[in-house]
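# Chain and residue survey
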Amino acid sequence: MSEFTRQGLEPLSTIGNDTPRIDAIERVTGQAKYTRDWKLPGMLFGKVLRSPHPHARLVSIDTSQAEALPGVQAVITYENAQVVWGAGSVNGGRQYNDPTKAATIHRRYIFNNPVRFVGDSIAAVAATDRHTAEEAVSLIKVEYEELPFVLEPEEALQADAPKVYPEGNLCPDFRGEFAPMVSDIGDVEAGFSDADHIFEERYDTGFIHNAQMEPRCSLAHWQGDKLVLYTPSQGISNCRHDTARDLGLEDHQVQVIAQYMGGGFGNKNQNQDADLIAATLSRRAGVPVMLEYSRREDWLGVHGRWPTVQHYKIGVKDDGEVTAMQMVGYSGMGPYRKNSGGISGMDAYGCPNRYREISPVYTNRTTSGNFRAPSEPHGFFGIENMMDDVAYKLGIDPVEFTLKNMRRPTEERPFTNYSLDEVISDGVERFNWQARRKVVPGSDDGPIKRGAGFSFMMFRAGVGTSSAIVRVNSDQEYTLYVGVTDIGPGAKTTMGMIAAEALGTPLSNVEVVWGDTDRCPYSVGESGSRTTIMTGLAVVEAAEELKRQIADKGMPSGNDVLIGSATPTPTTDGKTRQCFGAHFVEVEVDTRVGSTKILKYTAVHESGRIINPTTARDQIRGATIQGIGQAIHEDLLYDPRSGQPLTPGYYRARHLTHKDIPDIDVHFIEVDDGYGPFGAKTAGESGIILAPAAIGNAVANAIGRRMKSMPITRDKILGAMA
Amino acid sequence: MKTLTNVNVTSFGEAASASRTARQQGSVPAFSGGGSDLLQQLKDGTDNADVIVNLRSVADGRTIQSDGSGFAIGGLVTLTELAEDPSVMTGMSAIAQAAASVGTPQIRNVGTLAGNVTQRPWCWYYRNGFNCFKAGGDECFSLNGENGQHAIFGGGPSFIVHPSDVAPALVAFDAIFQVTGPTGSREVSAEEFFVLPATDPSRENSLNEDELLTGVRIPSVSANTVSTYYKVMDREAWTHAEVGVATVIQRDGNAAQNAKVVLAGVAPIPWRVRAVEDFLAGKQINAAVAREAGEIGIEDALPLSKNAHKLPMTSAAIEAAVLSLAAG
């Protein structure tokens, strides 16, 4: 079930109504053209040769047999195609920053020597069909000098650990300095001195692949000096800019087309090496090249959520007031720094004395990068289990403990609005928290034990710059041009609804043009939960501009059109803007076989005004489902002796099947804080942030043992019960 | 992808001959019933067959026949058919339940009895292309590696677990395995059919080159026989057994006679726990007896470094399986 509680909001005409996706018919009837569906005359098929070793120097490469194979039209290798993939490794993991990319110390190329993980790319071929390309790749002879490798982040920082780079395994920060990321607020030692109790614990979390259905693919087509790139990118504007920079082109020389795509979850931000490899092959061959990764290549060759180790130390008074918080963490980044390696969560608390030190560490595992709320779910799992554990040890209801200690607006740091208290209290009531939780964890008699857990979160909902164009013709039909694509949340529909509302016309009267950088203006892209609030604001402003013109000149007649456009730079007037959420879970753990079954799941969110209830609800559900999978199933195991990955793919990683997915009740408290389009905030990532934490707490409440390693698999539960 | 040659055959004998002919010509043949797993192995490179002997054109081996006492089940009967056959569901529910628990509906719709029983191990080392015993090498990488899913009984020198759910249920019903080769057919008992790694670590059964499993025969099922297959899975579908327990008893009142208890997912072959079978003889089935059966069931277990959780799991599964057969 789901429910929307609209606090003081006037109902609107289009916004707030359950609305089917505007491209639903095309998608379900097979008319939608995904990247892999395009066929261009003379198109070749690419295939990448990848490293079978976790760490090796390439002594020599011989492509003569591959080149001699009939049908092969281009072979490129680390020797003859040295293209820097700027977004593939960035100092500090700063993805959207050109100067940082330019100054990056450990650059990643489309092909690398040495190769630094199983799946690192070495060479690629283009041939007349896929099978020939595969055969050609198998004919490339590479001489490897195997090097020592390291898999675990803490181990990688030991003095005698194999070095992924000559400087060592601690990743450089955005300044290029080899130092951990440190946040030191207040006086943490004084805070520990004030404490009546100090608790310390180690948590760890696993590698989670984004597991989007559509693997990485790219179709490159050169038209003279212009590159047309069909690619499932979560941000066509940034993909264009990054691709142009990496290939030494101007932005206008690259056209990125992403009309339909099969999910991303952070796996398809910016440009990817497949884009650059396809473009390089195509330029050599002189014809279009389609490159599609296999599932295994996609799993190992792209990226997933970074595994972490988190050491916590919490100081607390008898009455439950937290006086100091400390976390020393390690994030396994693989051999390239694609993202920060952040471990968030402590910042959701108001404690004035907080010390956080995170070491992002190079390893010879698959690369880590963006995954829906990149820094949050694993961090919230750690800190929320830690705090839940402290609360129970002090005999305090964790909800009360949270209400006492969670971050609140201050005079120095005001919020645009703050609804955590309402979100939590609404969840407490709907879920019947007091009846479901065990005051004494693990107190159910018998082997089948029930318990309840809770977690809360706040997540950025800032506003920023994008562009939009709206046109009206003499038939009073509107066309909206926005550089969005749809990775699942329904951005095309959302943009159309916002335009329709702002223009005072039905959605059916607004045609949306999307997914093509030659036809659409700049948009921030479908990452960071930003499209609705950033591009949405541009749509509102463009519509307002058009309305002013209509008021001024009247509706166009004949062949005339009127065009409104906007590139706003909105602010929140120095206030912090956040979305809020609380999740409550009841689980049943069978301690004989270690299984965890979810009996009830209640998610309460405040994401401002909801534009499309249908897709907003599904975003929370989908994110929660991913969070459940992360909590109790998914991981990427490596063989410690060979450095080979053992569990890539849907079968091995144990994703939830439909039969595993529980009912998830989603409730929204809707408010308008005066910022964002019609008061909308973020929703896409928020649901995953707190799901693993809430499940971990529920399992602990059921069995009376704290599970400190995620995923909480059956062997770990049985180990804890033994 | 390499070129594959497809050979359609119309009988099991012809299939065996086609396999032999291909082998004599220097090819690597493989029998394909449903072909779902074979296709993946070919793609992954863990099976290097280049001649596919297609059994879909074979008319035999597709029926489940009962003579009132015993059963004959064709090797090409699909898992869906096995799971939904009324006579199997009533007379040998452990077999029906085991078949119904395999994989996904899509796999069960094409997967066959013979293919399920003779499928290669799902060990992540073998399936990821390690040159282990099962791939013709001379090492089991799980021993000093990730062995959370590996054998607690009967292991060494290979520690794979037998992946079939149906096989333990067949063993529990004293199935006779029918084998056809280029020179004729033979029948073998379960003891002869499944091969421990101590005997030959490269294979899981005694099928010789060019031989295939064509069906099974269940000699007799008495009217007072009750059975169950209890499977512990780490998710609700598309996964192999962490442990499975096929239990068959002849129930006299509430007393167990001639108990058979055979485990899946914990040993390199379907694993009979004779100590539990002996313990159950003549016992009234109740919670205490079932619990003790579970405890006895793991007395001989030898866990590796990371699979000790399979002991309590196996105990619990045996207990649940036995208790579910109590009268009333």
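Each chain has its residues counted from 1, running along the sequence as written. Key to labels: chains lettered from A, ligands numbered from 1, both in the order written. Only residues with pLDDT of at least 70 get local features here, since the model is predicted, and only at 80 or more are side-chain atom pairs given and counted; chain-wide, interface and lining totals rely on the full set of residues.

## A word on the overall build of chain B
The cut-off we apply is this: Each helix is a run of DSSP H or I of at least 4 residues and each strand a run of E of at least 2, with the numbering of both proceeding from the N terminus. Here the radius of gyration uses the C-alpha set of atoms, whereas the globule reference equals 2.2 Å times the residue count to the power 0.38. Exposure in this text rests on C-beta crowding, where 20 or more other C-beta atoms within 10 Å of a residue's own make it buried, 12 or fewer make it exposed, and counts in between make it partly exposed. The C-beta atoms are placed from the backbone.
Assigned secondary structure in chain B consists of 13 helices and 12 strands. Here the C-alpha atoms of chain B give a radius of gyration of 19 Å, agreeing with the 20 Å that 2.2 N^0.38 yields for 328 residues. Over its C-alpha atoms, taken along the principal directions, chain B stretches across nearly 60 × 50 × 35 Å. Across the 328 residues that make up chain B, the buried fraction comes to 53%.

## Details of the overall build of chain A
We count it as follows: Any pair of residues counts as being in contact when their C-beta atoms, constructed from backbone geometry, are within 7 Å of one another.
Of regular secondary structure, chain A possesses 19 helices and 26 strands. A compact globule built from 722 residues should have a C-alpha radius of gyration of about 27 Å, and chain A, at 26 Å, falls within 12% of that. When the backbone C-alpha atoms are referred to their principal axes, chain A occupies close to 75 × 75 × 45 Å. Considering only contacts within chain A whose residues lie at least 6 apart along the sequence, 81% involve residues at least 24 apart.

## Considerations on the environment of Glu155(A)
Looking at the element boundaries, Glu155(A) is found in helix H5 (residues 153–156). Residue contacts for Glu155(A): discarding those within four places in its chain leaves Val150(A) and Ala161(A).

## Looking at unusual backbone geometry
Residues and elements named next belong to chain A. Omega for the peptide link from Asn113 to Pro114 comes to 5 degrees, which places this bond in the cis form. Checked against the element boundaries, Pro114 lands in the loop between helix H3 (98–103) and strand E5 (121–127). With an omega of 10 degrees, the peptide bond running from Met710 to Pro711 counts as cis. Structurally, the position occupied by Pro711 is in the loop between strand E26 (709–710) and helix H19 (714–721).

## With respect to the sheet that holds strand E16 (residues 322–332) of chain A
Applicable threshold: Criterion used throughout: strands pair if DSSP finds at least two bridges between them.
Read from one edge of the open sheet, six strands run E7-E17-E16-E15-E8-E26 (chain A), paired in mixed fashion. In this open sheet, the two strands that pair with only one neighbour each are strand E7 (181–185) and E26 of chain A.

## Comments concerning the domain arrangement of chain B
One widely used convention gives an interface's size as the accessible area the parts lose upon coming together. Let me state the cut-off plainly: Reported domain spans reflect what an automatic or database domain assignment gives.
Split into domains, chain B comes out as domain 1 (5–57), domain 2 (64–119 + 159–218) and domain 3 (225–323). Here the C-alpha centroids of domain 1 of chain B and domain 3 of chain B sit 36 Å apart.

## Some remarks on the nonpolar core
The test is simple: Any nonpolar core is a set of buried residues, restricted to Ala, Val, Leu, Ile, Met, Phe, Trp, Tyr and Cys, that join up through C-beta atoms within 7 Å.
Membership of the largest hydrophobic core comes to 226 residues, with the highest contact counts inside it found for Leu480(A), Ala499(A), Val539(A) and Ile95(B). Excluding anything up to four places from it in sequence, Val539(A) contacts Ala468(A), Leu480(A), Val482(A), Met495(A), Ile498(A), Ala499(A), Ala502(A) and Pro677(A). Ala220(A), Leu229(A), Val256(A) and Ala285(A) belong to the second largest nonpolar core, which has 58 residues in total.

## What about the sheet that holds strand E3 (residues 51–54) of chain B?
All names here are of chain B. Formally: Where helices are involved, their axes are fitted lines through C-alpha atoms of the stretch in contact, as for all axes, and angles between N-to-C directions lie from 0 to 180°.
Read from one edge to the other, the open sheet built from three strands follows the order E1-E3-E2, with strand pairing classed as parallel. Of all strands in the sheet, those with a lone pairing partner are strand E1 (5–8) and strand E2 (29–32), marking the two edges. Averaged over all pairs of adjacent strands, the angle between their axes in this sheet comes to 25 degrees, without regard to strand direction. Here E1 runs beside E3; their pairing, made up of four bridges, is parallel. Of the residues in E3, the one forming a bridge with Asn6 is Ile52. Contacting E1, E2 and E3, helix H1 (residues 12–24) runs over the sheet at an angle of about 155 degrees to E2.

## Describing the interface of chain B and chain A
Rules: Classes in brief: Ala, Val, Leu, Ile, Met, Phe, Trp, Tyr, Cys and Pro nonpolar; Asp, Glu, Lys and Arg charged; the others, Gly included, polar.
At the interface, 18 residues of chain B touch 24 residues of chain A. With three residues, the single largest contributor to the side of chain B that touches chain A is helix H13 (residues 310–323) of chain B. Along the lines of polarity and charge, the residues of the side of chain B that touches chain A split into nine nonpolar, five polar and four charged.

## Regarding helix H14 (residues 491–503) of chain A
Residues and elements named next belong to chain A. The line we're drawing: In this analysis, the expected span of each helix is defined as 1.5 Å times one less than the number of residues it contains.
For H14, built from 13 residues, the straight-helix expectation of 18 Å at 1.5 Å per residue is met to within 8% by its first-to-last C-alpha distance of 18 Å. Burial analysis of H14 places 13 of its 13 residues in the buried class, the great majority of the element. At the exit of H14 stands Gly504, carrying a positive phi of roughly 70 degrees.

## Some points on the environment of Ile563(A)
Residues and elements named next belong to chain A. Assignment of secondary structure puts Ile563 in strand E22 (residues 562–566). What makes Ile563 partly exposed here is the crowd of 15 C-beta atoms within 10 Å. Counting along the chain gives 123 residues from Ile563 to Ser686, while the straight-line C-alpha distance between them is 35 Å. Residues contacting Ile563, with those up to four places away along its chain left out, are Ile469 and Arg471.

## Digging into the domain arrangement of chain A
Here the domain parsing of chain A yields domain 1 (1–13 + 406–462 + 574–722), domain 2 (35–147 + 217–292) and domain 3 (464–566). The gap between the C-alpha centroids of domain 1 of chain A and domain 2 of chain A is 37 Å.

## A short note on the packing of helix H16 (residues 613–632) of chain A against helix H18 (residues 686–703) of chain A
Residue and element names in this part refer to chain A. Going by this rule: With respect to orientation, any angle under 35 degrees is reported as roughly parallel, any angle over 145 as roughly antiparallel, any angle of 65 to 115 as roughly perpendicular, and every other angle as oblique. For any pair of crossing helices, the crossing counts as left-handed if the nearer helix is rotated counterclockwise from the farther one by less than a right angle, and right-handed if it is rotated clockwise.
Taken N-terminus to C-terminus, the directions of H16 and H18 make an angle of 40 degrees; their axes are 7 Å apart at the nearest point. Taken as axis vectors, H16 and H18 run oblique relative to one another. Like other packed secondary-structure pairs, H16 and H18 cross with a definite hand, here right-handed. Between H16, through Gln619, Ile620, Ala623, Thr624, Gln626, Gly627, Ile628, Gln630, Ala631 and Ile632, and H18, the contact on the second element is made entirely by Ser686, Gly687, Ile688, Ala691, Pro692, Ile695 and Gly696. In the contact of H16 with H18, the residues fall into nine nonpolar, eight polar and no charged.

## Observations regarding the packing of helix H10 (residues 377–393) of chain A against H18(A)
Residue and element names in this part refer to chain A. At a closest axis distance of 7 Å, the pairing of H10 and H18 adopts a crossing angle of 35 degrees. Seen along the crossing, H10 lies across H18 with a hand that is right-handed. Side by side, H10 and H18 meet where Pro377, Phe380, Phe381, Glu384, Asn385 and Asp388 of the first sit next to Ile688, Ile689, Leu690, Pro692, Ala693, Gly696, Asn697 and Ala700 of the second. Here the residues of the contact of H10 with H18 are counted per class, giving nine nonpolar, three polar and two charged.

## Observations concerning the pairing of strand E19 (residues 468–472) of chain A
Residue and element names in this part refer to chain A. Of all five residues in E19, four are buried, a share of seventy percent or more. Pairing geometry for E19 and E22, over five bridges, is antiparallel. For Val470, the partnering residue across the bridge sits in E22 and is Gly564. Of the pairings in the sheet, the one linking E19 to strand E20 (residues 478–481) comprises four bridges and is antiparallel in character. Each residue of the ladder has a partner; that of Val472, found in E20, is Tyr478. Between E19 and E20, which follow one another and run antiparallel, lie five residues, and Gln476 among them has a positive phi close to 60 degrees.

## Remarks on the environment of Ser523(A)
Residues and elements named next belong to chain A. By the secondary structure assignment, Ser523 is in the loop between strand E21 (510–513) and helix H15 (531–553). For the pair Ser523 and Thr485, spaced 38 residues apart in sequence, the C-alpha to C-alpha distance is 9.6 Å. Sequence-distant contacts of Ser523, that is, excluding residues within four places in its chain, are made with Ser237, Ser466, Ser467, Val482, Gly483, Val484 and Thr535.

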